[in-house]
Amino acid sequence: MLDVIRAAGTISRVGLIQATGFTGATISTVVRRLIDDGLVMEIGRAESTGGKPRVLLRLNHTSRYAVGVQLDHAGITYVLTDLAGSVVSRIARAGAGTAEPPAVVARMAREVRSLIDGAGVDPDRVLGIGLVSPGPLTPASGMGLTPPVMRHWEDFPLDQALSEAARLPVVLDNDATAAALGEHWSGVVGTSRTFAAVYMGGTGIGTGLMIDGVVYRGASGNAGEIGHICLDVAGPVCWCGARGCTEALAGPAAVVAEARADGRLARAAGLAKADDQQRIAADFAALTRAARRGDSTARGLLERSARYLAVASRTLANIMDLELLVLTGPSLASAGSIYLPVVRDELDRSFFARATHPIDVQLSTSAAAAPAIGAATLVLQTELVPLREGLRLPGRLGSREPASAN
Ligand SMILES: [Zn+2]
């Protein structure tokens, strides 16, 4: 019910009956409880279309908050969102780097506290912390198999440690999945029923999938790994153990490694030494700046990476019969303008179902913070919205009942 109200913006009790199929008595009871809990408020009456004007309901945005944290080796982003998923406060701090996990977790707990205090929000109104990091995930504890730069986090009970240090519940998810949720809650997704967020993080590539407003996670939260689609059977060995993966050919780490090997380009763009794993994200951003300044070698490397990403995106679009694909994540926050036209062109030309329906390709408007925002919305969903398929039709609901039509 809460999610239907959130998605609609404003809605009357009659609107809720139409949207959910529940009886008037049930709606009445649940709405009363939501108002008593401070989660929902009445905001006046809709214009009458004959008969009695209806009282409109909306979320009480400042009644609850959630913290979203994106942990990466290169940086940690924190956001505090209100109940509607709007960002109230955002800070960026140093990444995990090579520090030991317990020390990083203790620092994260302090930074979460200062985020909440700095925003002047009552800590009792904070529901919990959503934490995202580069996948893959293991179900209960945290990161099982980690990308090379985060290897010393393998099997560390991340969520439990942060929950104890910050004294708040913690939910953990894959960064790409969280980014998809962030796009969904920020309203970009609209009426699209089948949507993917293609995510390029500090070093890797992944996808978050949403079908009919519900995240599709697969059996263990690792669905949509287009970073590990094979694009060349004889290609380079990937850290996942396979050969010729998208990530091994076109991920930020692969692009940066090639750029560093080019002496002239490395000097011109100010790149780090060949084996510096901690500066991959920074060097990828530096390479993007060089391309924008007109360095044709830098642009060539990024455009080739974009072509690989475009083919992987088309593969995903064909398998899922997607309607919308959003490019997001920290690396696409800097290089998105180079990748977007390449991916769009590939899908315009060769998306399998293009004769039946178009596929919309967009660049996220909050690519850098999308995973952290998504992490916070993960808390809102987990705490407030039990996922039940079939009741969640935000797009159509919004168009069926604008604020003044009921
Ligand atoms: Zn791989």
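Details of the structure are given in the entry above.
About the criteria used
- Residues numbered from 1 in each chain as written.
- Predicted model: local features only at pLDDT ≥ 70, side-chain atom pairs only at ≥ 80, totals over all residues.
- Heavy atoms only, no water.
- Donors = N, O, S within 2.8 Å, 3.2 Å for Na, K, Ca; no water.
- Tetrahedral: all angles 85-135°; square planar, octahedral: opposite > 155°, others 65-115°.
- Buried < 20%, exposed > 50% of the residue type's maximum accessible area, 1.4 Å probe, protein only.
- Bend = angle between axes of the 7 residues up to and from the residue.
- Helix = DSSP H or I, 4+ residues; strand = E, 2+ residues; numbered from the N terminus.
- Core = buried A, V, L, I, M, F, W, Y, C linked by side-chain atoms within 4.5 Å.
- Contact = heavy atoms within 4.5 Å.
- Salt bridge = Lys/Arg side-chain N within 4 Å of Asp/Glu carboxyl O.
- Pairing = 2+ DSSP bridges.
- Axes fitted to C-alpha atoms, helices over the stretch in contact; angles between N-to-C directions.

Enquirer: Let's hear about the coordination of the zinc ion: which residues, and what values?
Expert: With distances of 2.0 to 2.3 Å, the protein atoms coordinating the zinc ion are His228 (ND1), Cys238 (SG), Cys240 (SG) and Cys245 (SG). Coordination at the zinc ion is tetrahedral, judged from the 4 donor atoms that bind it and the angles of 106 to 118° they form at the metal. We note that the donor set of the zinc ion lies within a single chain, spaced as H-x9-C-x1-C-x4-C. A relative accessible area of 6% means that Cys238 is categorised as buried. Taking relative accessible area as the criterion, Cys240 reaches 32% and is therefore assigned partly exposed.

Enquirer: Please give an account of helix α12 (residues 330-350) that cites residues and values.
Expert: Gly336 marks where α12 bends most, by close to 85°. Where α12 is concerned, the buried positions are Ser331, Leu332, Ser334, Ala335, Gly336, Ile338, Tyr339, Leu340, Val342, Val343, Glu346 and Leu347.

Enquirer: Break down the nonpolar core for me, citing the residues and quoting the values.
Expert: With 43 residues, the main nonpolar core has Phe284, Leu325, Tyr339 and Leu347 as its most contacted residues. For this core, the secondary structure elements donating two or more residues are β9 (194-200), β10 (205-211), α8 (252-261), α9 (263-269), α10 (280-292), α11 (296-320), β12 (324-328) and α12. With 9 residues, the top contributor of residues to this core is α11. Ignoring any residue separated from it by four or fewer positions in sequence, one finds Phe284 in contact with Met200, Pro252, Val255, Val256, Leu302, Ser331, Ser334, Ala335 and Tyr339. In this structure, Val31, Val189, Ile373 and Leu380 belong to the second largest nonpolar core, which totals 36 residues.

Enquirer: Describe the pattern of salt bridges, and please don't skip the residues or the numbers.
Expert: Summed over the entire model, instances satisfying the criterion amount to 12 salt bridges. Between Arg260 and Asp283 there is a salt bridge whose closest N-O contact spans 2.9 Å. Here Arg260, found in helix α8, pairs with Asp283, found in helix α10; they are 23 residues apart in sequence, far enough to count as distant. We note that Arg260, like Asp283, is buried. Glu346 is paired through a salt bridge with Arg314; the nearest N and O atoms lie 2.5 Å apart. Of this pair, Glu346 sits in helix α12 while Arg314 sits in helix α11; the two residues are 32 residues apart in sequence, bridging distant segments of the chain. Through salt bridges with shared partners, a single network forms among Arg314, Asp345, Glu346 and Arg349.

Enquirer: For the sheet that holds strand β4 (residues 65-71), give the residues involved together with the corresponding values.
Expert: Read across the sheet, 5 strands follow the order β6-β5-β4-β7-β8 without closing on themselves; strand pairing throughout is mixed. On the outer flanks of this sheet lie β6 (87-94) and β8 (170-174), each paired with one strand and no other. Geometrically, the sheet is characterised by an average inter-axis angle of 20° between neighbouring strands, direction not taken into account. Inspection of the sheet shows β4 paired to strand β5 (residues 75-82) by 7 bridges, in the antiparallel sense. Bridge pairing links Tyr65 to Asp82 in β5. Along the sheet face, helix α6 (residues 175-185) touches β7 (126-133) and β8 and points at about 100° away from the line of β8.

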